[in-house]
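These are the residues of each chain, in order.
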Amino acid sequence: MPAVAAARAPEVTLRGSQTAIPCLFMRGGTSRGPFFDARLLPADPDRRDAVLLAALGSPDPRQIDGIGGAHPLTSKIGMVRPSTQAGIDLEWTFAQVQPDGDTVDTSANCGNMLAAVLPFAVETGMVVPAGDRTTARVLTRNTGMVAEITVATPADPSGAPHITYEGAARIDGVPGTAAPVEIAFLDTAGSVTGALLPTGRARDTVEAPGLGPVDVTLIDNGQPLVIVEAARLGATGYESPDGIDADQALKARVEALRLVCGKAMGLGDVSERNYPKMTLVAPPRDGGTLSTRSLIPRVCHRSIGVLAAVTAATACVIEGTVARDVAAGVPGAEPTVSVEHPSGEFSVTLGLDPADPQRVTRSALLRTARLLMAGDLLVPRSVWDPTPTRQEKHA
């Protein structure tokens, strides 16, 4: 395992009328956003959230006064710290901000942004590489999920190992190639709902306003997901994201179903939550296992989220699910499920319990990440003035 450094990152400073917070701006998978040393942010959650909203420029559809990208996929934040728990190297908290929203959601997870956690830790000195490949065990504080992440850390000309972003790995939804980030999710069932199948069934029939009875699979293997056949909602499952975003009637049907399914999953009123995500499925048409269109939750994903792909892939191997009905064959004791999405496909290799082939124990996949910018992120001092508490030891 790598050495985890205890030294703090550079301190938060003042720059005129603004507060300067050390930050790395990173792409993780098909998402991007600022990453912070969590120990440098305000300990009070409300103050922290105010800082994060100001950093991204929300609420504003264009996020013109911050570094958000005016889309949920580019309105994400990572907060990382060394762990004090046995067997865990790093802990991170994922935060989702909506461009025009005024809240910060830390209840869910993001497997794409997770791909940048270990690179961030190496870049900031939290983790000291241990050879040409460095593996760390990362705890997601949002959901309690643990993943093992491996990155390439070759030696530079002086012999010191460093994180590299150059490589031949390609993921759909990101141009070009990069160094691989290998992610192995351990037992992720029930990450938010407490059970792989929150209702105890592989298929439920729910009544949604204006839709009548609809067959759905309610499942959570790292991401609470509602899986519904696209044709049942008047779609094909092959639409472009822009086509779905422009179809207000379809989105209204999807949202009506989401609200009903949220209650059925034990999540209560989800009208202001970013989960469950909605996944419309159809038979594959490009040689994969399953075609998907994922809403997050009211905007169509340009590809598919990592944990949504893991959960959709899991549904393909469980008998009786809506996904299983339309999926192509899923062979083997350790199947690789190819999840088609608008930008290409996403392969997930599942480890199944030999004693119970319907139980997934491990999900392995490949992502890439890249450091885009390093420096200080500035927020108004009226949002956070760290002067009175700069010596505070944040929890």
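Thresholds applied
Residues numbered from 1 in each chain as written. Predicted model: local features only at pLDDT ≥ 70, side-chain atom pairs only at ≥ 80, totals over all residues. Heavy atoms only, no water. Helix = DSSP H or I, 4+ residues; strand = E, 2+ residues; numbered from the N terminus. Rg over C-alpha atoms; globule rule 2.2 N^0.38 Å. Buried < 20%, exposed > 50% of the residue type's maximum accessible area, 1.4 Å probe, protein only. Contact = heavy atoms within 4.5 Å. Phe/Tyr/Trp six-rings, centres within 6.5 Å; stacked < 30°, edge-to-face > 60°. Core = buried A, V, L, I, M, F, W, Y, C linked by side-chain atoms within 4.5 Å.

Asks: Please clarify how the overall build of the protein chain should be interpreted in this entry.
Replies: Per the secondary structure count, the protein chain includes 7 helices and 20 strands. The globule rule puts the C-alpha radius of gyration for 395 residues at 21 Å, and the 21 Å found for the protein chain is close to it. Taken across its 395 residues, the protein chain has 56% of its residues classed as buried. Contacts in the protein chain between residues at least 24 apart in sequence constitute 65% of all its contacts with a sequence separation of at least 6.

Asks: Just checking my understanding: could you explain the packing of aromatic side chains for this structure?
Replies: Aromatic ring pairs: the centre-centre distance and the angle between the two ring planes describe each pair. Applying the stated rule across the entire model yields 3 aromatic pairs. When the ring of Phe-35 is compared with that of Trp-92, the centres are 6.4 Å apart and the planes differ by 10°; the resulting orientation is stacked. Note that Phe-35 is positioned in strand β4 (residues 31–37) and Trp-92 in strand β6 (residues 90–97), a separation of 57 residues in sequence. For the pair shown, Phe-35 and Trp-92 are each scored as buried. Summarising the aromatic geometry, the rings of Phe-35 and Phe-120 are spaced 5.8 Å apart at their centres and angled 35° between planes, so their arrangement reads as tilted. Note that Phe-35 is positioned in strand β4 and Phe-120 in helix α3 (residues 117–123), a separation of 85 residues in sequence. Across the pair, exposure class does not vary: Phe-35 and Phe-120 are buried alike. Grouped by ring-pair contacts, the aromatic residues Phe-35, Trp-92, Phe-94 and Phe-120 constitute a single cluster.

Asks: When you look at the nonpolar core in this model, what are you seeing that I'm missing?
Replies: Generally speaking, soluble globular proteins have nonpolar side chains that are buried together. Residues Phe-35, Leu-90, Trp-92, Leu-114, Leu-118, Ile-183 and Phe-185 are the most contacted members of the largest nonpolar core, which totals 63 residues. Examining the composition of this core, we find that 10 residues originate from one element, helix α6 (residues 306–317), more than from any other. If near-sequence neighbours (up to four positions away) are discounted, Phe-185 is found in contact with Gly-111, Leu-114, Met-145, Val-146, Ala-147, Val-306, Leu-307, Val-310, Thr-361, Arg-362, Ser-363 and Leu-365. Listed in part, the 25 residues of the second largest apolar core include Ala-108, Val-226, Leu-233 and Leu-250.

Asks: Hey, could you run me through unusual backbone geometry in this one?
Replies: Peptide bonds are mostly trans, and most non-glycine residues show a negative phi. A cis amide bond links Ser-58 with the next residue in sequence, Pro-59, at an omega value of 5°. Within the fold, Pro-59 resides in the loop between α1 (45–56) and β5 (76–82). Of note, the amide linkage connecting Ile-296 to Pro-297 takes the cis form, showing an omega dihedral of -15°. One can find Pro-297 in the loop between β16 (290–295) and α6. The backbone of Gln-63 shows a phi angle near 50°, a positive value even though the residue is not glycine. Mapped onto the secondary structure, Gln-63 falls in the loop between α1 and β5. One non-glycine residue, Ala-70, adopts positive backbone phi at about 60°. Relative to the helices and strands, Ala-70 is located in the loop between α1 and β5.

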